[in-house]
Amino acid sequence: MALRRKVLVVGSGGREHALALGLLEAESVGEVIVTPGNAGTRAAPARLAPKILRSASGSPGDIAQSEAVDLVVIGPEAPLCAGLTDELTDRGIHVFGPTRAAARLEGSKAFMKDFAVRHGIRTARHEVVTELALAEAAVRRFAEPPVVKADGLCGGKGVVVADTHTAALAAARGMLSGESFGAAGKAVVLEERVRGAELSLHALIDGERWVVLPAAQDHKRLLDGDRGPNTGGMGTYAPAPLAAPELLARAEREVFERAVHGMITEGHPFRGVLFAGLMVTPEGELVLLEFNVRFGDPETQVMLATLEGDLGEALDGAARGALAPGALRPSGEHALCVVLAAGGYPEEPRTGAPISGLEAAGTLEGVSVLHAGTALVEERVVTAGGRVLGVRARARTLELARERAYAAVERIHFEGMQYRRDIAARVFEEGAS
Ligand code: AMP
Ligand code: GLY
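In this report, we go over the structure that sits alongside the text. Since we're looking at a predicted model, the values are computed, not measured.

A short note on the site of ligand 2
And step 1. Close to ligand 2 lie D218, K220, G232, F275, N292, R294, G296, D297, P298 and E299, which account for all nearby residues.
And step 2. Take G232: an N or O atom from its main chain is 3.1 Å from a nitrogen atom of ligand 2.
And step 3. At 2.9 Å, a side-chain N or O of R294 approaches an oxygen atom of ligand 2.
And step 4. Here ligand 2 has 200 Å² of accessible area as a free molecule, and 90% of this is covered by the chains.

Here we look at the sheet that holds strand 20 (residues 334–341)
Two orientations exist for strands paired in a sheet by backbone hydrogen bonds: parallel and antiparallel.
And step 1. Read from one edge to the other, the open sheet built from five strands follows the order 12-15-20-24-21, with strand pairing classed as antiparallel. A single partner strand is all that each edge strand has here, and the edge strands are strand 12 (217–218) and strand 21 (367–371).
And step 2. With four bridges connecting them, strand 15 (residues 235–238) and strand 20 associate as antiparallel partners. Across the sheet, the residue bridging to G235 is V338, located in strand 20.
And step 3. Contacts from helix 1 (residues 14–25) reach strand 21 and strand 24 (387–395) within the one sheet, and its direction differs from that of strand 21 by about 130°.

Digging into the site of ligand 1
And step 1. The environment of ligand 1 is formed by 14 residues, the closest being E191, E192, V194, E198 and E290.
And step 2. One of the backbone nitrogen or oxygen atoms of E192 is found 3.0 Å away from a nitrogen atom of ligand 1.
And step 3. Considering ligand 1 on its own, with 470 Å² of exposed area, one finds that the protein chains cover 89% of that surface.
And step 4. Among the elements of the structure, strand 7 (147–150), strand 8 (159–161) and strand 17 (286–292) are those that each provide at least two residues to the shell around ligand 1.
And step 5. Partitioning the shell around ligand 1 into residue classes produces six nonpolar, no polar and eight charged.

Some remarks on the pattern of salt bridges
And step 1. In the structure shown here, the tally under the stated rule is 31 salt bridges.
And step 2. With a closest N to O distance of 3.9 Å, E290 and K109 form a salt bridge. One end of the pair, E290, is in strand 17; the other, K109, is in helix 6 (residues 109–118), and 181 residues separate them in sequence.
And step 3. Its relative accessible area of 19% is what places K109 among the buried residues.
And step 4. Note that R420 is salt-bridged to D422, the shortest N-O span being 2.8 Å.
And step 5. Among the residues examined, D422 registers a relative accessible area of 15% and is labelled buried.
And step 6. Each of R5, E313, D316 and R320 takes part in salt bridges that share partners, so that together they form one network.

Digging into the nonpolar core
Across soluble globular proteins, you tend to see nonpolar side chains buried next to one another.
And step 1. F291, L340 and I412 are the most contacted members of the largest nonpolar core, which has 78 residues in total.
And step 2. Looking at this core, the element that brings in the most residues is helix 9 (residues 245–265), giving seven residues.
And step 3. Here L340 is in contact with R387, V388, L389, V391, V409, I412, F414, M417, Q418 and Y419, once residues within four sequence places are set aside.

Digging into the side chain of K51
And step 1. Within the secondary structure layout, K51 lies in the loop between strand 2 (29–36) and strand 3 (52–55).
And step 2. One buried charged residue, K51, forms no salt bridge at all, with the nearest opposite charge on E27 at 6.1 Å.
And step 3. Of the polar contacts made by the side chain of K51, one reaches the backbone oxygen of L24; its length is 2.8 Å.
And step 4. Those residues in contact with K51 that lie beyond four places of it in its chain are R4, L24, E25, A26, E27, V29, G30 and A44.

Quick word on the pairing of strand 22 (residues 374–377)
And step 1. The sheet contact formed by strand 22 and strand 23 (residues 380–383) spans four bridges and is antiparallel. Residue pairing in the sheet places V377 in a bridge with R380 of strand 23.
And step 2. Connecting strand 22 to the antiparallel partner strand 23 that follows it, the hairpin turn spans two residues, and E378 within it adopts a positive phi of roughly 50°.

Procedures and definitions
- Residues numbered from 1 in each chain as written.
- Chains lettered and ligands numbered in written order.
- Predicted model: local features only at pLDDT ≥ 70, side-chain atom pairs only at ≥ 80, totals over all residues.
- Heavy atoms only, no water.
- Near = heavy atom within 4 Å.
- Polar contact = N/O pair within 3.5 Å; in protein donor to acceptor, adjacent residues only side chain to side chain.
- Areas by Shrake-Rupley, 256 points an atom, 1.4 Å probe, with all protein chains shown as cover.
- Pairing = 2+ DSSP bridges.
- Helix = DSSP H or I, 4+ residues; strand = E, 2+ residues; numbered from the N terminus.
- Contact = heavy atoms within 4.5 Å.
- Axes fitted to C-alpha atoms, helices over the stretch in contact; angles between N-to-C directions.
- Nonpolar A, V, L, I, M, F, W, Y, C, P; charged D, E, K, R; others polar.
- Salt bridge = Lys/Arg side-chain N within 4 Å of Asp/Glu carboxyl O.
- Buried < 20%, exposed > 50% of the residue type's maximum accessible area, 1.4 Å probe, protein only.
- Core = buried A, V, L, I, M, F, W, Y, C linked by side-chain atoms within 4.5 Å.
- Lys, Arg positive; Asp, Glu negative; His and termini not counted.

This is a description of form; function is not addressed.
This is the structure we're talking about:
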């Protein structure tokens, strides 16, 4: 292939490191710049030579223009919801990511819930409350304590799954008063609690067409056995056996097709990746919990490792409104990612701890150590955020991927390191494969 794209990835987490490596593995990509990036995005691994990976600081628009990049891929939700896609497009820069108007599917939970109702996407019954004085009556209208969600973006912390009506009311009051999340809590969504197993499903969408990516399973709680506080995600695996072909086909028809057409009808065709957080109930119903307008983190780390096809072509095609149906296909491989978090995470992660064993871990077969909250201080890699690393392994079977990932984890150390030892354990307990 003659064309060798230069791609700018915006963000600094494990998702962005995984995207950068996935892009570099693509035939069509020659160079990836990550802004602001982390200690892992400063250089390409030797196996990808002579391709170039580097970090850059500055505004994404300025970097894109001065470096003459062919495509910008925006990782996190905050810049998408703030309109970075629109701003770059106005400057003539080619972008993968939804416009500000389309990003409301994540940026406003009230918008997302009403959108789902308008377009027949099954979601939990809800009420929107905007006044403190009405909160108590609204909470009491739910037979079971409702799940309480701040309308706006809260960095993944805006959802409270309360066990009593009193706790739900306290959460709603904290949000509506502006105390908990400022303006993001000015409106609150109360929603029926749904029970079941969670599934992360992503589709690349070019406005009209979509390609569904392998289903991933996240582990949101900090501790083994799904105990402890909610986090951004402590580990993932893909493909998830829970997502049988029949269930995937239903999700495609009942969630993605309706969302794509709904956004066209409403005048804001969606281009980018749409991530549906779904609950599969014991009766086999699919209930939409949330939409995200970006790749999941750490879902991306495992999804990309189980796909074949050219990621650069696929993202470029989606951004241009010309996504090829077979752009990305399941490779038949399995992947598992264990997140290593800082001491004190998620409340108050401690930073600045030196990390050892990165090279020893990265040389194991099938293993990539993906950086998230890391920084380079005097030539040493140190912790610089809550989720520090994602240790990802791929293999022919999920069992082997798990063995490889945990063998690599054993080699890494930093003070206060926390991780879950039971990523995908449920699959093996249930005897699925
Ligand atoms: P969200 O940001 O909407 O995905 O919410 C974060 C987490 O809260 C989800 O991943 C679920 O674990 C939980 N959650 C959200 N909505 C519900 C619901 N209606 N019923 C039960 N759990 C929920
Ligand atoms: N891992 C969940 C998310 O990216 O929102």
